[in-house]
Amino acid sequence: MSKVSYYTDEGLKKLRAELAQLKDVERPKASNAIAEARDKGDLSENAEYDAAKEAQGMLEMRISKLEEVVANARVIDESQLDTSKVLIHSTVKIKNQANGTQMTYKLVAQSEADLKSGKISVDSPIGKGLLGCEVGDIADVVVPAGTMKFEILEISRT
């Protein structure tokens with residue numbers, strides 16, 4: 001059973017570009033590496049051949065996974081999102097109750113997550129803890145170090 005994932009238009013374009021790169025550039029490189037290693041003689045003692053075959057297997061596994069993700073991806077029209085509660089693709093301004101630090105995150109699919117640009121996965125502990133919360137709510141987020149409390153200050157689409 002495949003899992004439907006929700007992406008921004010930009011995020012889905014990046015996935016498709018990565019898939020095209022793997023299929024059109026990396027796959028032929030892997031085939032050439034195998035052919036070159038095969039030409040070097042006895043395959044039973046050819047470590048280069050074994051390594052090339054293993055690399056090709058890993059590449060094919062990544063291509064297969066990406067094809068599945070792209071096939072089950074759905075693009076969300078962010079202008080239609082409800083801003084009364086935290087959903088995927090919501091931008092949330094939160095305040096850490098322990099130290100008063102304010103942070104702003106956008107909740108995205110796991111493959112789009114990038115903490116440096118403020119995008120966290122809805123599957124992360126913080127993402128899971130914030131989903132469904134409304135402005136003014138205190139979200140209890142279970143993290144490996146314990147439970148953190150975040151106040152929801154603002155929810156937007158941007």
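To keep things clear, this report deals only with the structure shown in the data block.

Definitions and limits used
- Residues numbered from 1 in each chain as written.
- Predicted model: local features only at pLDDT ≥ 70, side-chain atom pairs only at ≥ 80, totals over all residues.
- Heavy atoms only, no water.
- Helix = DSSP H or I, 4+ residues; strand = E, 2+ residues; numbered from the N terminus.
- Expected span 1.5 Å × (residues − 1).
- Bend = angle between axes of the 7 residues up to and from the residue.
- Buried < 20%, exposed > 50% of the residue type's maximum accessible area, 1.4 Å probe, protein only.
- Contact = heavy atoms within 4.5 Å.
- Core = buried A, V, L, I, M, F, W, Y, C linked by side-chain atoms within 4.5 Å.
- Pairing = 2+ DSSP bridges.
- Axes fitted to C-alpha atoms, helices over the stretch in contact; angles between N-to-C directions.

With respect to helix α1 (residues 9-38)
Part 1: With 30 residues, α1 extends 43 Å between its outermost C-alpha atoms, agreeing within 8% with the 44 Å of an ideal straight helix rising 1.5 Å per residue.
Part 2: The largest bend in α1 comes to about 35°, at E26, with the proline P28 one to four residues further on.
Part 3: Looking at α1, one finds that the buried residues are G11, L12, L15, L19, L22, A30, I34 and A37.
Part 4: Close packing links the buried residues of α1 with β1 (5-7), α2 (47-71) and β2 (73-75).

Some words on α2
Part 1: Relative to the 36 Å expected for 25 residues at 1.5 Å per residue, α2 spans 36 Å between its end C-alpha atoms, a close match to the ideal helical length.
Part 2: Of the residues making up α2, those classed as buried are Y49, A52, L59, I63, L66 and V70.
Part 3: Lining the buried residues of α2 we find α1 and β2.

Points about the nonpolar core
Part 1: Among the nonpolar cores identified, the biggest contains 17 residues, and V86, V92, I94, L107, L130, A139 and I152 are the most heavily contacted of them.
Part 2: Of all the secondary-structure elements, those providing two or more residues to this core are β3 (91-96), β4 (102-108), β6 (138-143) and β7 (146-156).
Part 3: In this structure, V86 is in contact with V92, L107, L130, L131, G132, C133 and I155, ignoring residues within four places of it in sequence.
Part 4: Of all hydrophobic cores here, the second largest spans twelve residues; its members include L12, A30, L66 and A109.

Focus on the pairing of β7
Part 1: Two strands pair when backbone bridges link them, and β3 and β7 are joined in this way by six bridges, in the antiparallel orientation. Directly across from N96, in β7, lies its bridge partner F150.
Part 2: Where β6 meets β7, six bridges bridge the pair, whose relative direction is antiparallel. Residue D140 lies in a different strand from β7, and its bridge partner there is K149.
Part 3: Linking β6 to β7, which pair antiparallel, is a turn of two residues.

Observations concerning the sheet that holds β3
Part 1: Spatially, five strands are ordered β5-β4-β3-β7-β6 in an open sheet, and the strand pairing comes out mixed. Each having just a single partner strand, β5 (119-121) and β6 make up the two edges of the open sheet. This sheet shows a mean twist of 45° between the axes of neighbouring strands, independent of strand direction.

Any link to function would need more than the numbers given here.
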